[in-house]
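# Examining the three-dimensional arrangement
Here is what each chain is made of, one letter per residue.
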Amino acid sequence: MANPSFNTQALKTEIRNALVNNKAFAGPIAMRVAWHSAGTFDKSDGSGGTDGATMRFEPEKSDDANNGLHIVRHMLHEVYEKYPQVSQADIWAYAGCVAIEFMGGPEIPFNFGRKDDDDGARCPANGRLPDAAQGAQHLRDVFYRQGFNDQEIVALSGGHTVGRAHQVRSGFDGPWTHNPLTFDNSYFTLLLNTEWTPRKWDGNLQYTDPTDTLMMLPTDVALLSDDGFRPHVERYAADQQVFFDEFAAAYGKLMANGCPAHVQPNAEAGSCPHAEKLNHEFREYAMHGSVHALKKIADQADVHEAEKSSGRNALHKAAFWGHKEATQYLIGLGLDLNAQDNDGDTALHDAVRYGHLEVSEMLLNAGADAQITNNAGEAVSAIASRYGHGDIARAIAAKV
Ligand code: HEM
């Protein structure tokens, strides 16, 4: 993965919390948002795909195939508000990958760098996503247009190992597997080893198992009767790891179709602008107290730059973890002692909160302002007493 200027693990956690909480478990439908934003791609002219986040605009927004997906886009909007430097296009695509992982599936190769369009000028025409009522030829028409082959079509169809159909959204009903919140190869084992017959009901033609609890779409059962598709169903049913490997490759490609080169899964790590990467590294070294590494790149990096997602500079990072030598070095470089992060905390707030007496003294001696209050209205003396750091409280009192 390219080295973005924000903490991808923290972003992952935000996404997971937005999708899985006491009100919802939206892993499968988040995958569907991502795949529907990607699956409009046409390799003949490069139109469609995740770049642009065009599903926010008409006509894509109202494509019948995207029924109900706005709910997840709104759930993810909270993440976007916290990470405005990450595009919505990236957040939707990444959310699908994160969901696959936290449901037990493989890690998907992923790079950031998609952009959000300002309007719907690049919106693809509706009707590019697959119609579940059709068969093998239709699957080939839709997925070959995107640059996929038979093996990749089968691997991607395995996405139906999670989630379920909802009559109000698609006219189909029910889950594909017994554990629709777990990403495994049971879609293929069930597809292969169950007797699927047309369900007797007044809805769309779909297939049901003997207990009438599971379902398959016409496009799912088409994988069984087609000579080009079936061998892959058999391979994936026989070996989950093979499915995971081939699904991850196909899904990573799907998410990057139509995107610039630096977003492609095989793009070099660190393909984001060189300077941004160095500044990020500098803060990382500060966080780990690696003074040797800090000194090595200080000449080339903007040592003062604050992380966009948190407003924290290298001094915040060193002080937080109590790295004495790194703090002293950064003070010497002239970092802003009173810079406040997005929570209003200065480096001194961090040092005091976590009981780092010597680092607190270094900052105070260098002239850090102990009167500054953070967004919670607390100056460092209040934090020292709240956390019971009497020694630090005395050091602060001696300075103010
Ligand atoms: C092969 C052609 C495909 C067709 C015809 C198709 C069709 C459908 C339909 C009709 C639904 C039910 C929607 C609803 O009623 O809520 C659905 C759900 C779903 N699809 Fe597909 N799909 C296809 C490919 C894919 C791919 C490539 C993926 C991802 C790799 C995927 C992932 C999902 C997921 C996770 C759900 C469940 C959503 C939920 O639980 O709300 N599908 N699909």
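Everything that follows concerns the structure shown earlier in this document.
Source: prediction; values computed, not measured.

Among the 26 residues in the neighbourhood of the ligand, the closest are listed as W35, H160, R164, H166 and S170. Side-chain polar atom of W35 to a nitrogen atom of the ligand: 3.1 Å apart, as the coordinates give it. Between H160 and the ligand, the recorded distance is 2.9 Å, taken from a side-chain N or O atom to a nitrogen atom. In this structure the site holding the ligand corresponds to the largest pocket. Counting only elements with at least two residues in the shell around the ligand, the list comes to α2 (27-38), α5 (136-145), α6 (150-157), β1 (164-165), α7 (167-170) and α11 (240-256). At five residues, α2 tops the list of elements feeding residues into the shell around the ligand. Along the lines of polarity and charge, the residues of the shell around the ligand split into 16 nonpolar, seven polar and three charged.

Taken in spatial order, the three strands line up as β3-β4-β5 in an open sheet, and their pairing is antiparallel. Looking at which strands have only one partner, the edges of the open sheet turn out to be β3 (197-198) and β5 (215-216). Pairing analysis gives two bridges linking β3 to strand β4 (residues 207-208), with the strands arranged antiparallel. Bridge pairing in β4 places P198 opposite Y207.

Applying the stated rule across the entire model yields 22 salt bridges. Here E358 and K324 are joined by a salt bridge, their closest N and O atoms 3.4 Å apart. One end of the pair, E358, is in helix α17 (residues 357-366); the other, K324, is in helix α15 (residues 324-332), with 34 residues separating them in the sequence. Looking at E358, the relative accessible area reads 46%, which means it is partly exposed. Its relative accessible area of 38% is what places K324 among the partly exposed residues. When salt bridges that share partners are traced, they join R312, D341, D345, D350 and R353 into one network.

Definitions and cut-offs
- Residues numbered from 1 in each chain as written.
- Predicted model: local features only at pLDDT ≥ 70, side-chain atom pairs only at ≥ 80, totals over all residues.
- Heavy atoms only, no water.
- Near = heavy atom within 4 Å.
- Polar contact = N/O pair within 3.5 Å; in protein donor to acceptor, adjacent residues only side chain to side chain.
- 1 Å grid on protein atoms, 1.4 Å probe; cavity = no way out; pocket = protein on both sides within 12 Å on 5 of 7 lines; lining within 4 Å.
- Sits in = over half its atoms within 2 Å of the grid points.
- Helix = DSSP H or I, 4+ residues; strand = E, 2+ residues; numbered from the N terminus.
- Nonpolar A, V, L, I, M, F, W, Y, C, P; charged D, E, K, R; others polar.
- Pairing = 2+ DSSP bridges.
- Salt bridge = Lys/Arg side-chain N within 4 Å of Asp/Glu carboxyl O.
- Buried < 20%, exposed > 50% of the residue type's maximum accessible area, 1.4 Å probe, protein only.

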